[in-house]
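Chains, contacts and geometry: an overview
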Amino acid sequence: RIEVFADASTQRRQRRLALFGIGMSLLFFIGMAMLSGRMSLDEFEWGDTSSSMGVPTWWYIGCMPIRSTTLSMRLLCMWVRRRQRQMCLRESAGSG
C-alpha cells in the first residue's frame, strides 16, 4: 500500500508527497469544474428535461462546477499553506 512507502520515507519526502498529492487533486478538480461547466452550459442550451421528474437537467448538473470550483479553491489554499510551511522550515534549517 502507498502508506508503507510514504511512512517509511524521510520527513522531507513526506512533505513533498503531500504537496504532490494536493497538487494532483487540485488539477483533477479544476478539470472537473471546467468539463462539468461546459456540460451544464450544453444542458442549458439544449433545454433537456429529466424523464422522471420533468425538471431541466441543468438544475442538478449545474451544482457540479460550483462544488468542483469550491473544492479547487480549498485545495489551492491547502497547497499554498503547506508550501509556505515548507519554505519556513527550509529557512529555519538554513539559518540554524
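Scroll up for the structure.
Here the structure is a predicted model, which is why all the values come from computation and not from measurement.

**Some points on the packing of aromatic side chains**
Throughout the structure, instances matching the rule amount to three aromatic pairs. An angle of 80° between the planes, with centres 5.1 Å apart, marks the rings of F28 and F29 as edge-to-face. A residue is classified by how much of its surface remains accessible, and F29, at 22% relative accessible area, is partly exposed. Taking 6.5 Å as the distance between ring centres and 85° as the angle between the ring planes, the aromatic pair formed by W58 and W59 counts as edge-to-face. Look at W58 and you get partly exposed, because its relative accessible area is 32%. Here a set of aromatic residues connected by ring pairs shows up, and it is made of F44, W58 and W59.

**Points about the environment of M32**
Of note, M32 is situated in helix α2 (residues 11-46). The spatial distance from the C-alpha of M32 to the C-alpha of R74 is 15 Å, given a sequence separation of 42 residues. Apart from the residues within four sequence positions on either side, M32 is in contact with G37, M64 and S68.

**Some details on a positive patch on the surface**
Together, R12, R13, R15, R16, R83 and R90 make up a region of like positive charge exposed at the surface. Position of R16 among the secondary structure elements: in helix α2.

**As for the state of the cysteines**
For the structure on display, the rule yields zero disulfides. C88 carries a free sulfur, and the closest cysteine sulfur to it, the one in C77, is 17 Å from it.

Each value, and the rule that gives it
- Residues numbered from 1 in each chain as written.
- Predicted model: local features only at pLDDT ≥ 70, side-chain atom pairs only at ≥ 80, totals over all residues.
- Heavy atoms only, no water.
- Phe/Tyr/Trp six-rings, centres within 6.5 Å; stacked < 30°, edge-to-face > 60°.
- Buried < 20%, exposed > 50% of the residue type's maximum accessible area, 1.4 Å probe, protein only.
- Helix = DSSP H or I, 4+ residues; strand = E, 2+ residues; numbered from the N terminus.
- Contact = heavy atoms within 4.5 Å.
- Patch = residues over 30% accessible without salt bridge, like charges linked within 9 Å, V, L, I, M, F, W, Y side chains within 5 Å.
- Areas by Shrake-Rupley, 256 points an atom, 1.4 Å probe, with all protein chains shown as cover.
- Salt bridge = Lys/Arg side-chain N within 4 Å of Asp/Glu carboxyl O.
- Lys, Arg positive; Asp, Glu negative; His and termini not counted.
- Charge placed at Lys NZ, Arg CZ, Asp CG, Glu CD.
- Disulfide = S-S within 2.5 Å.

That's the geometry; what it means functionally is another story.
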